[in-house]
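So you can see what is in the structure, the chains are spelled out below.
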Amino acid sequence: MRLCIPNRLEDVFLALDRAEMTLDLAAIDHACRADVRLVLEELLVNTVRHGYPDGRVGEITIHLEICPDAVRLELRDDAEAFDPLQHEPPDLPGDIADREIGGLGLHLARSIASDFEYARDAHGNRVVIRFDPSLSDEPSS
Amino acid sequence: MTLIVRSESPIPARTTVWLEGRLDAATFGDLDSALRDITPMVDNGGTLVIDLSGLEYISSAGLRSLAQLRRQMHDRDGRTLLLNPQPQVKKVFEIVKAVPVAEVFASVAELDQYLDHMQRQITG
């Protein structure tokens with residue numbers, strides 16, 4: 001699946017539904033589909049909300065590829081430079097209601113992806129993420 | 001699929017809210033506005049039970065709404081208990097250590113047992 005969307009929240013959610021449908025048709029199991037959806041939501045919502053502070057119209061490309069042993073996701077955007085791997089994981093007190101904690105979404109995305117790469121080139125930001133469906137296990141407890 | 005919020009308050013001391021669907025950056029506003037009507041119906045010091053049996057998916061935006069709700073209840077000396085989180089929701093809770101384990105229950109029976117125990121402690 002290859003999609004090119006404008007930097008608007010409603011288009012992000014249309015893209016999430018398309019991605020989930022693509023994974024469903026490829027018989028990717030439910031847990032892995034939910035992982036991909038979560039990582040996509042966290043990264044795309046973050047890009048739309050913070051990547052274009054001047055309010056310009058931007059373009060985000062989503063490329064989802066189903067390989068024999070993994071799901072590969074590539075995101076490209078023309079937003080401000082942002083490397084999700086450069087952010088320190090948040091300090092988690094054991095109850096997120098104790099105080100406002102920033103960076104939860106990025107922390108979730110990084111924790112769930114099996115492999116996460118970032119690069120910036122002339123076109124903008126590029127993130128490549130791999131999901132291993134055999135690791136999308138649901139918690140045992 | 002969107003988010004459906006239902007609630008029932010058989011007694012002012014205890015209200016149950018059922019969430020169904022997805023709680024994410026597209027739907028958290030629906031929960032926030034539904035809860036603005038629901039939480040004032042819970043007595044100060046009362047219990048709000050969030051039944052998560054029908055919630056298939058949560059993202060960080062949904063976690064923030066639940067955290068805010070738990071803070072509001074806490075400010076009114078009330079408590080928020082979470083019931084029966086499904087696999088994806090459980091996984092997200094675990095990754096960010098979202099909620100103290102003591103406030104999450106796997107079944108209504110477990111939850112009732114806990115509330116009875118708390119009640120006995122209060123009444124002696």
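Small disclaimer: the values here were computed from a predicted structure and weren't measured.

Enquirer: Pulling in residues and values, what's your account of the interface of chain B and chain A?
Expert: Facing 26 residues of chain B, the contacting portion of chain A comprises 33 residues. There are 4 salt bridges connecting chain B and chain A. Between Glu20(A) and Arg22(B) there is a salt bridge whose closest N-O contact spans 3.2 Å. Here chain B is connected to chain A by 11 residue pairs in polar contact (both at pLDDT 80 or more). With 7 residues, helix α3 (residues 87–95) of chain B is the largest single contributor of residues to the side of chain B that touches chain A. Tallied by class, residues from the side of chain B that touches chain A come to 14 nonpolar, 3 polar and 9 charged.

Enquirer: Before we move on, can you summarise the nonpolar core with the specific residues and values?
Expert: Formed by 71 residues in total, the largest nonpolar core has its most connected members in Ile62(A) and Phe93(B). Ranked by residues supplied to this core, first place goes to helix α2 (residues 30–50) of chain A with 9 residues. When residues no more than four places from it in sequence are discounted, the contact partners of Ile62(A) are Met1(A), Arg2(A), Leu3(A), Ile5(A), Ala15(A), Leu40(A), Leu44(A), Leu73(A), Glu74(A) and Leu75(A). Val49(B), Leu81(B), Phe105(B) and Leu111(B) belong to the second largest nonpolar core, which has 6 residues in total.

Enquirer: Now, about the side chain of Asp11(A): what can you tell me, with residues and values included?
Expert: All names here are of chain A. Mapped onto the fold, Asp 11 is located in helix α1 (residues 9–25). Of the polar contacts made by the side chain of Asp 11, one reaches the side chain of Arg 8; its length is 2.7 Å. In contact with Asp 11, other than residues within four places in its own chain, are Ile 5 and Pro 6.

Enquirer: Outline the packing of aromatic side chains, supporting the account with residue identities and numerical values.
Expert: How two aromatic rings sit relative to each other is given by the distance of their centres and the angle of their planes. Within the structure shown, the criterion is met by 1 aromatic pair over all chains. Arranged with centres 5.0 Å apart and planes meeting at 45°, the rings of Phe105(B) and Tyr114(B) form a pair that is tilted. The exposure class of Tyr114(B) is partly exposed, given its relative accessible area of 24%. For Arg37(A), the ring lying beneath its charged end belongs to Tyr57(B), and the centroid distance is 5.5 Å. One cation-aromatic arrangement involves Arg6(B) over Trp18(B); the distance from NZ or CZ to the ring centre is 4.8 Å.

Enquirer: Describe the pairing of strand β2 (residues 59–66) of chain A, listing the residues and the values that go with them.
Expert: Residue and element names in this part refer to chain A. Across 5 bridges, strand β1 (residues 2–6) lies against β2 in antiparallel orientation. Paired with Ile 5 across the bridge in β2 is Ile 60. Sheet topology note: the β2/strand β3 (residues 71–77) ladder contains 7 bridges and is antiparallel. Paired with Glu 65 across the bridge in β3 is Arg 72. Linking two consecutive strands that pair antiparallel, namely β2 and β3, is a turn of 4 residues.

Enquirer: Describe in detail the sheet that holds strand β3 (residues 47–58) of chain B, supporting the description with residues and values.
Expert: Two strands in a sheet stick together by hydrogen bonds in their backbones, pointing the same way (parallel) or opposite ways (antiparallel). All names here are of chain B. Taken in spatial order, the 5 strands make up an open sheet running β1-β2-β3-β4-β5, and their pairing is mixed. With one partner strand each, in any of the chains shown, β1 (3–11) and β5 (104–105) form the two edges of the open sheet. In the sheet, β1 pairs with strand β2 (residues 14–23) via 7 bridges, with the strands oriented antiparallel. Pairing of Ile 11 across the sheet is with Arg 14, part of β2.

Enquirer: An account of the packing of helix α3 (residues 104–112) of chain A against α3(B) is needed here, citing residue identities and associated values.
Expert: At a minimum axis separation of 10 Å, α3(A) and α3(B) run at an interaxial angle of 110°. Here α3(B) runs roughly perpendicular to α3(A), going by the angle between their axes. Seen from α3(A), the contacting residues are His107(A), Leu108(A), Ser111(A) and Ile112(A); seen from α3(B), they are Lys91(B), Val92(B) and Ile95(B). Counted by class, the contact of α3(A) with α3(B) contains 4 nonpolar, 2 polar and 1 charged residues.

So, how was this worked out
- All chains use their own residue numbering, which begins from 1 and follows the written sequence.
- All chains are assigned letters beginning with A, and all ligands numbers beginning with 1, in the order in which they are written.
- Only residues with pLDDT of 70 or above have their local features reported here, since the model is predicted, and side-chain atom pairs are shown and tallied only from 80 upward, although totals for entire chains, interfaces and linings are computed over all residues.
- For the side-chain quantities, the full set of heavy atoms in the structure was used; hydrogens and water were omitted.
- Working rule for contacts: check all heavy atoms of both residues, and any pair within 4.5 Å makes them a contact.
- Salt bridges are defined as contacts in which a side-chain nitrogen from Lys or Arg sits within 4 Å of a carboxyl oxygen from Asp or Glu.
- Pairs of N or O atoms are called polar contacts if they sit within 3.5 Å, as long as, within protein, a hydrogen donor faces a hydrogen acceptor (for residues adjacent in sequence, only side-chain-to-side-chain pairs).
- Secondary structure elements follow DSSP: runs of H or I no shorter than four residues count as helices, runs of E no shorter than two count as strands, and numbering proceeds from the N terminus.
- Just so you know the grouping, Ala, Val, Leu, Ile, Met, Phe, Trp, Tyr, Cys and Pro go in nonpolar, Asp, Glu, Lys and Arg go in charged, and all remaining residues, Gly too, go in polar.
- In this text, buried Ala, Val, Leu, Ile, Met, Phe, Trp, Tyr and Cys residues form a nonpolar core when linked through side-chain atoms within 4.5 Å.
- Relative accessible area decides the class of each residue, using a 1.4 Å probe on protein chains only: under 20% of the type maximum gives buried, over 50% gives exposed, and in between gives partly exposed.
- Stacked, tilted and edge-to-face are the three classes applied to pairs of Phe, Tyr and Trp rings, where Trp contributes its six-membered ring and a pair requires centres within 6.5 Å; stacked means planes under 30 degrees apart, edge-to-face means over 60, and tilted covers the rest.
- Here, a charge over a ring means that NZ of Lys or CZ of Arg falls within 6 Å of the ring centre while also lying within 35 degrees of the ring normal.
- By definition, two strands form a pair when at least two bridges between them are found by DSSP.
- Axes here refer to lines fitted to C-alpha atoms; in helices the fit is confined to the stretch in contact. Angles between the N-to-C directions go from 0 to 180 degrees.
- An angle counts as roughly parallel when it lies under 35 degrees, as roughly antiparallel when it exceeds 145, as roughly perpendicular when it falls between 65 and 115, and as oblique in every other case.

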